[in-house]
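Chain by chain, the residues:
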Amino acid sequence: MLLQELKEQAFKLPSSDRLALVSAIIESLQSEPIIGADQASAIRRMRGLLKTDQPAPNDEQVAAMLEERRVDKYL
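Worth saying up front: this structure is predicted, and the values here are computed from it rather than measured. Throughout, residues of each chain are indexed from 1 in the direction in which the sequence is written. Residues qualify for local features only when their pLDDT is at least 70, as the model is predicted, and side-chain atom pairs are given and counted only at 80 or more; totals for whole chains, interfaces and linings, by contrast, use all residues. Hydrogens and waters are ignored; side-chain quantities use all the structure's heavy atoms.

Peer 1: So what about the overall build of the protein? Which residues, and what values?
Peer 2: The helix and strand tally for the protein stands at four helices and zero strands. In terms of C-alpha radius of gyration, the protein reaches 26 Å, well past the compact-globule figure of 11 Å for 75 residues. In terms of overall dimensions, the protein has a C-alpha envelope of 70 × 30 × 20 Å along the principal axes. A simple rule labels every residue: compare its accessible area, found with a 1.4 Å probe on the protein chains alone, to the largest value its type can have, and call it buried under 20%, exposed over 50%, or partly exposed in between. Buried positions account for 3% of the 75 residues belonging to the protein. Every accessible area reported is derived by Shrake-Rupley at a probe size of 1.4 Å, with residue values counting cover from the shown protein chains alone. With the model as given, the accessible surface of the protein reaches about 7,400 Å², and the carbon-plus-sulfur share is 59%. Think of it this way: Lys and Arg go in the positive column, Asp and Glu in the negative one, and His and the chain ends go nowhere. In plain terms, the charge of a residue is placed at NZ if it is Lys, CZ if Arg, CG if Asp and CD if Glu. Considering the protein, the positive charge centre built from 10 side chains and the negative charge centre built from 12 side chains are found 3 Å apart. A run of H or I in DSSP becomes a helix once it reaches four residues, and a run of E becomes a strand once it reaches two; helices and strands are each numbered from the N terminus. Radius of gyration: C-alpha atoms only; globule rule: 2.2 Å multiplied by the number of residues to the exponent 0.38.

Listed below in structure tokens is the structure:
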């Protein structure tokens, strides 16, 4: 059954049945995991790629990097 056909059939139902249908659809969505196992493992791998042994730059180092970037870009 196509989505459009399903919508047409749903509108033909009495309001109490439509409410039960909505409740059943919501329950079916709540039982599904939001993030699949593949996505979760990919996120863990990406976090691992971002790790470094170096400490994060401080504000002065960031300002210096930005200044260098601006000099390279505009001069």
